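Chains, contacts and geometry: an overview
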Amino acid sequence: MDSNINMPLETDVECTYETIKEVSRTHLKSDKKRMMQLYRLDALIIFFSLLLLMIGGDKKFAITFLIIGVIWLPIFFLIRSSLIKKSYKTNIALQDATIHYTFYDENFEISTPSTLSKMNYEAIYSTIEDDKYILLLPSSKQYFAIDKRNCSEELINFLHIKMEEINARNSKK
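Residues numbered from 1 in each chain as written. Predicted model: local features only at pLDDT ≥ 70, side-chain atom pairs only at ≥ 80, totals over all residues. Heavy atoms only, no water.

As a further point, take a negative patch on the surface. Negative charge collects at one region of the surface, where Glu10, Asp12, Glu14 and Asp96 lie side by side. Classification of Glu14 as partly exposed rests on a relative accessible area of 40%. (Patch = residues over 30% accessible without salt bridge, like charges linked within 9 Å, V, L, I, M, F, W, Y side chains within 5 Å. Areas by Shrake-Rupley, 256 points an atom, 1.4 Å probe, with all protein chains shown as cover. Salt bridge = Lys/Arg side-chain N within 4 Å of Asp/Glu carboxyl O. Lys, Arg positive; Asp, Glu negative; His and termini not counted. Charge placed at Lys NZ, Arg CZ, Asp CG, Glu CD. Buried < 20%, exposed > 50% of the residue type's maximum accessible area, 1.4 Å probe, protein only.)

Let us now look at the packing of helix α2 (residues 32-55) against helix α3 (residues 59-90). Close contact between α2 and α3 brings their axes to 8 Å; oriented N to C, the two are set at 160 degrees. Between α2 and α3, the crossing angle belongs to the class labelled roughly antiparallel. With respect to the hand of their crossing, α2 and α3 are arranged in left-handed fashion. Within the contact between the two elements, α2 uses Met35, Leu38, Tyr39, Leu41, Asp42, Ile45, Ile46, Ser49, Leu50, Leu52 and Leu53 and α3 uses Lys59, Phe61, Ala62, Ile63, Phe65, Leu66, Gly69, Val70, Trp72, Leu73, Phe76 and Phe77. By residue class, the composition of the contact of α2 with α3 is 19 nonpolar, two polar and two charged. (Axes fitted to C-alpha atoms, helices over the stretch in contact; angles between N-to-C directions. Helix = DSSP H or I, 4+ residues; strand = E, 2+ residues; numbered from the N terminus. Parallel < 35°, antiparallel > 145°, perpendicular 65-115°, else oblique. Left-handed = near helix turned anticlockwise from the far one by under 90°. Contact = heavy atoms within 4.5 Å. Nonpolar A, V, L, I, M, F, W, Y, C, P; charged D, E, K, R; others polar.)

If you trace the backbone, Met119 turns up in strand β4 (residues 116-120). C-alpha of Met119 to C-alpha of Asn107: the two residues are twelve residues apart in sequence and 5.5 Å apart in space.

Within the largest apolar cluster, 22 residues are counted, with the highest numbers of intra-cluster contacts made by Tyr101, Phe103, Phe108, Leu136, Phe144 and Ile146. When residues of this core are assigned to their parent elements, the largest contribution, six residues, is made by helix α4 (residues 153-171). When near neighbours in sequence (up to four residues on either side) are disregarded, Ile146 contacts Thr11, Val13, Tyr101, Phe103, Lys132, Tyr133, Ile134, Leu136, Cys151 and Leu159. (Core = buried A, V, L, I, M, F, W, Y, C linked by side-chain atoms within 4.5 Å.)

All right, on to the sheet that holds strand β2 (residues 97-103) then. As summarised here, the arrangement of the four strands in space is β1-β2-β3-β4, forming an open sheet in which the pairing is antiparallel. Among the strands making up the open sheet, the edge pair consists of β1 (9-15) and β4. Each strand axis lies, on average, 20 degrees off the axis of its neighbour in the sheet, ignoring direction. In the sheet, β1 pairs with β2 via seven bridges, with the strands oriented antiparallel. Paired with Thr11 across the two strands is Tyr101, which belongs to β2. (Pairing = 2+ DSSP bridges.)

On to unusual backbone geometry. Here the phi dihedral of Asp96 falls at roughly 55 degrees; this positive angle occurs in a residue that is not glycine. Mapped onto the secondary structure, Asp96 falls in the loop between α3 and β2. Residue Asp96 is classed as exposed on the basis of its relative accessible area of 57%.

Right, let's talk about the environment of Lys33 for a bit. With respect to the helices and strands, Lys33 occurs in helix α2. Judged by relative accessible area, Lys33 falls into the exposed class, the value being 65%. Separated by 116 residues in sequence, Lys33 and Arg149 have C-alpha atoms that sit 28 Å apart.

For the rest of this paragraph, the subject is the pairing of strand β3 (residues 107-111). By the bridge criterion, four bridges tie β2 to β3 in an arrangement that is antiparallel. What sits directly across from Tyr101, in β3, is Ile110. Linkage of β2 to β3, two consecutive antiparallel strands, is achieved through a turn of three residues. Note: β3 against β4, five bridges, orientation antiparallel. Paired with Asn107 across the bridge in β4 is Asn120.

What follows is the structure in structure tokens.
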């Protein structure tokens with residue numbers, strides 16, 4: 001690690017409903033393989049429904065599957081959105097809380113109004129980055145979200161170095 005970096009580096013994330021929605025969208029979009037499978041399945045359902053209608057098969061069956069093919073993806077995203085909202089509303093400890101991150105060379109601390117925990121970078125198996133967020137994932141269903149808009153350039157550079165190390169280490173497994 002570059003010894004010129006002043007340690008520790010710190011940032012905050014405001015845990016609003018909008019933040020949770022954005023972070024959740026970032027996490028979902030990162031799973032391109034699963035999203036492509038959903039879109040392909042939807043296209044196949046619609047294609048075979050239309051094909052069945054054209055060749056004169058069972059019209060009720062074809063129309064039923066055509067309707068399913070057209071509405072199931074919007075329903076999937078609607079259900080997902082309602083689950084995010086429910087999760088936010090039921091997690092009273094994080095509602096409108098500020099999550100404070102303190103980054104060190106070997107680990108980072110996460111503090112909320114009710115907890116303080118420490119995580120080693122070795123426990124992070126993957127990372128995700130988009131325009132607004134960096135996500136550090138200790139598991140496929142859990143992540144720590146860092147809002148890049150609240151980070152210094154020094155912290156973003158430090159996190160990029162850590163992300164490269166994490167991704168390189170875990171690509172060997």
